[in-house]
Amino acid sequence: MVRIGHWIGSVALAAVIALSGCSKSESTHESASQPASAIKPTVYLLPKKKGVPYFETCAKGAREAADKLGVDLTYDGPTSGSADEAAKMIEQWTLQGADVIAVSASDPAPLAPVMKSARSKGVHVITWDSDTPADSREFFVCQASAEQIGNALCDTLAKDIGGGNADNADGEVAIVTAQMTAANQNEWIKYIKARLEKYPKLKLVDIQPSNDDQTKAQQVTQDMLKAHANLKGVFAISSQAFPGAAEAIKQAGKVGQVQVTGLSTPNDMKKYVHDGTVKSVVLWNTVDLGYLTTCVADALAKGTLKKGATTFNAGRLGEKKIDGDVILLGDIIVFNKDNIDQFDF
Amino acid sequence: MLLLVLIALMLTAGHLEPKFVSSRSQEGLLSHVWDLAMLALPMTFIIITGGIDLSVGSMMALTSVTLGKLYIAGHHPLWLAILAALCVGIACGLLNAIFITKVGVHPLIVTLATYSAYRGLAEGISLPEIYSGFPDWFRSLGQNTYGSLQLIGWLFIIAAVFCAIVLAKTPFGRSIYAIGFNETAARFSGLKVNRAKVIIYTLSGLAAAIVSINYSGLRDNAQANVGLNMELDVITAVVLGGTSIFGGRGRILGTILGVALIHETREFVGWHYHRNEYVPLVVGALLIVAVAANALLMRRSSRT
Amino acid sequence: MDATSTISMELATPTFSQRLWQLAARREYGIAIVLAIIIAGVTTKNHDFLSGENVRDILIHCTQPLIVSCGVMLVIVTGEIDISVGSALALLTAVLGWLASPTHYHWPAWAAILATLALGAILGLINGLLVTLVRIPSIIVTLGMLTMLRGLTVILMSHPRPDGRAGDITDMPYSVRFFGIGKILGISTSLWITAIVVVFTALLITFTPLGRRIYAVGSNPHAARLSGLSVTRVKIFTFMFTGFLVGVATIVTQLATVTSGLGQGFELLVVTCVVVGGVSISGGVGTMIGVVLGVILIQIQSTVLIFLKLGTNAANWNQAIQGALILIAVLIDQVASRGEKRIGGGH
């Protein structure tokens, strides 16, 4: 009796697994099962964190390029944002026979060794959005370095606090980050701190984590607004922190007195820009970033892009400059009331 | 039964993705499993006694930061840093054990508290700096394979055999089951309950230290983010392996199968669907279905 | 049957009714004293801490964890546990956003809210049925649900929007947000709702037969079953109640936008609050006042640290302080109850 029960149970379980395997394989694209060929390069695009609008809009641009160029594109990454998980995915893709792996590094430390090892197995590895040490990749598709991002955030906030003139900026500022351990954010914080020296009247008084939770971001901003009476500006430097901090300022009735800025896709912050809570949002064209990355990956796989090139023809984006091994997307965009409606991503 | 599920999974996988089941792929993916496997061994002992350890991931973080801070930031010799990391791991486990045995607090609560405390300490001590730049010989210990297994793989095999023998054949192993089955009775029959608990929780800390040292070699960094959410994976693997969360029942072989099943499921879902968001869905469902099937079968067998 | 019954058998000392209250009362004093010391300390350093505005904000920070804690407390009192609430909160918020947002399905507010509450109760029902009828340990069921619901939330949030545009849900209509940021008689609606939930739960456990059954089930399920109580029904109720309350917590959100990262670590926060509030993880023991104080103690911490103005590196120690706080709380409790309960060592 017991034995029969065991058999029934295991057969049922096996059936469930098998069924789920078969049924879903039809709906998803079967990129992995096709052998890599010279005509249709297999490109893997790794975001820092899957499921957030920033990277979903990048993926949109990447898919557009992939359809046009005939690239077999796979977009996947850790939904937790864990760099360790990202490293495991790179190792898996190497085994699957990827032609190109494009990495946006949430933390260069654990990723660089894995990327080097993938390169040694004949995979083209590039970085996009966020770089790793130069010897771990062939090219970096760059929208802005961490330093440029830090500077842009700092200059923008100073300008908003100073009422249009950054030199008038005076008062205390604070940062709401993701987790205190988030490597990316810590890199930006480093450059924000450095840039703040340019504005001696601005004093950084606190850095608080939001743990990637909007509610928490709203709460710490609310507390900081009360604890620091002279607080004039907040850097909200994660996709969850920005709307949370903006909401806190709005509810505290401090719109106009306290400025907040950060990185966000325009669609997500339009509401706060229009009601005046947020004067400026810093970002770049994420759709184009995904598009350019896929073009570079395709060219690399087909052998049309070699080290030492100085320009690169990127389809609808036209000629892009290559500076050493860095392919430049273009400028950082500061979205405000006047221009934000021109963008839909 | 778990073995059959595993076989079914591999057959399905082989049908859909022939490359996935090739020995080359499997060997390449093997390095992803050792953290989970290593931590699952002491966790099996702990859960058999009716306890739980939620702090394993945080102990990994604290030992990792110890290692990085001493070697990279403090310029101490690496052997000293490794030794210190091992000691910190043991001390963390010991502290859990003291709270559980001497103070008499439920393990769930103790380790829930130290889950925050250890990772919090790691964050505070490192002011979340990321330490990287370990010497080549140390990294090759983490990365190189020796006869198709990494160093930690061989270590795991030795540890697993040892644990299996201890659990099945020695008086100590029998006392572990006795504690889980009925702690009061175990106490009254003269078993050294507290000593057994101290040993297993300390071992959990030691395993966390070993795993995090290996991680530093494998990925060339040490930081307070190591082992995030690890605890739930480890518990899932052990329970999937047939160990009863109420204690008194469980085997090392079951745990190994549980670990293997989770590993293969996770890698296959990633490999085939390229949808990272499916992984928690499938692993969660697997846990509930497997334990439910087990519970239903148990009831049927106890009725006949 | 299994070890749960043995555990609760051991703990079912005759102390149940009266001495339980004595014990629990002492725990409440303990937390109240710690809270008072903390508040006094911060206020001397920063007088604004006890301003009306700040007290209100602190209470609002407590709303979500407190509402859910009411349910989780009952679950823990019956000797079970629910750690799926964090992911459930994220999923329900995402569902509410999808249903109510004008850019998505744009249901009327009442329909979206009712659907969210119903879905919450259904999630709770699933937990309850798996625990009681299929007899899977609750920690396993809710651990599985925790991972599964998190995955579902990400899938839902990255699903293409009905209007084909990119981006998160950014415009929760005011008719829904009224329950979070609106005011009735000058006091935030979210506080009214929380007060109703807390008072309801307190009345439920003190004055109704169902409340007494919940405690009876937790302190001794065998005896409860023998005296004709349906343990199954009581447990299913507590899980459904928790799920429903997660739905309520979703509605009192202060936010206008919905992202997939909500509620991470919320489950452990709630369990921590409940346990610090003196609810015994082995079942049968726990009071509403204790839980309220526990939630305030844990939630006030972050505000306290910000008001102390310790500088830009201080937040790195937040988690360590939280862990230490829990350890101290259980330590004091254990030492205090040593005298009374000699057999306590173990578990």
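Definitions and cut-offs
- Residues numbered from 1 in each chain as written.
- Chains lettered and ligands numbered in written order.
- Predicted model: local features only at pLDDT ≥ 70, side-chain atom pairs only at ≥ 80, totals over all residues.
- Heavy atoms only, no water.
- Contact = heavy atoms within 4.5 Å.
- Buried area = accessible area lost by both parts, 1.4 Å probe.
- Nonpolar A, V, L, I, M, F, W, Y, C, P; charged D, E, K, R; others polar.
- Phe/Tyr/Trp six-rings, centres within 6.5 Å; stacked < 30°, edge-to-face > 60°.
- Helix = DSSP H or I, 4+ residues; strand = E, 2+ residues; numbered from the N terminus.
- Buried < 20%, exposed > 50% of the residue type's maximum accessible area, 1.4 Å probe, protein only.
- Axes fitted to C-alpha atoms, helices over the stretch in contact; angles between N-to-C directions.
- Left-handed = near helix turned anticlockwise from the far one by under 90°.
- Pairing = 2+ DSSP bridges.

To continue, consider the interface of chain B and chain C. In this assembly, 51 residues from chain B lie in contact with 50 residues from chain C. Interface of chain B and chain C: buried area, both sides summed, is about 4200 Å²; carbon and sulfur atoms make up 74% of it. Broken down residue by residue, the surface that chain B buries against chain C is led by Leu112, Phe246 and Ile288 of chain B, which jointly contribute 14%. When the residues that make up the side of chain B that touches chain C are grouped by side-chain class, the tally is 32 nonpolar, 11 polar and 8 charged.

Turning our attention to the packing of aromatic side chains. Residues and elements named next belong to chain B. Counted according to the given criterion, the structure contains 20 aromatic pairs over all chains. Relative to Phe156, the ring of Trp34 has its centre 5.7 Å away and its plane inclined at 45°; by these criteria the two rings are tilted. Of the two residues, Trp34 is situated in helix H3 (residues 34-48) and Phe156 in helix H8 (residues 151-169); the sequence distance between them amounts to 122 residues. Neither residue differs from the other here; Trp34 and Phe156 are each classed as buried.

Here the focus is the environment of Phe343 of chain A. Residue and element names in this part refer to chain A. Here Phe343 lies in the segment after strand S14 (333-335). By relative accessible area, Phe343 is classed as buried at 17%. Considered as a pair, Phe343 and Leu263 are 80 residues apart in the sequence and their alpha carbons are 15 Å apart.

Before going further, it helps to spend a moment on the packing of helix H5 (residues 78-103) of chain B against helix H6 (residues 107-126) of chain B. All names here are of chain B. At their nearest, the axes of H5 and H6 sit 9 Å apart, and the two run at 145° to each other. By crossing handedness, the relation of H5 to H6 is classed as right-handed. Contact residues: H5 offers Cys92, Leu95, Asn96, Phe99 and Ile100, while H6 offers Pro107, Val110, Thr111, Thr114 and Tyr118. Of the residues belonging to the contact of H5 with H6, the class tally is 7 nonpolar, 3 polar and no charged.

Residue and element names in this part refer to chain A. Ordered by their spatial adjacency, 8 strands build an open sheet running S2-S1-S3-S4-S5-S13-S12-S11, and the pairing between neighbours is mixed. Unpaired on one side and paired on the other, strand S2 (72-75) and strand S11 (311-313) mark the two borders of the sheet. Taken pair by pair, the neighbouring strands of this sheet meet at an average axis angle of 25°, ignoring direction. One ladder, built from 2 bridges, connects strand S4 (residues 124-128) with strand S5 (residues 140-142); its direction is parallel. Along S5, the bridge assignment pairs Thr127 with Phe140. Against the sheet, helix H3 (residues 83-96) contacts strand S1 (42-46) and strand S3 (100-103), and its axis sits at roughly 180° relative to S1. In this fold helix H4 (residues 108-120) packs onto S3 and S4, with an angle of close to 145° to the strand it touches most, S4.

A separate point is the pairing of strand S12 (residues 319-323) of chain A. All names here are of chain A. Here S12 shows one buried face, formed by Lys320 and Ile322, and one open face, formed by Glu319, Lys321 and Asp323. Hairpin connection of S11 to S12: 5 residues between the antiparallel strands, including Gly315 at a positive phi of 50°. Pairing between S12 and strand S13 (residues 326-328): 2 bridges, direction antiparallel. Among the inter-strand pairings, Ile322 is bridged to a residue of S13, identified as Ile327. Counting the residues that bridge the hairpin from S12 to S13 gives 2 residues, and of these Gly324 lies at a positive phi of roughly 70°.

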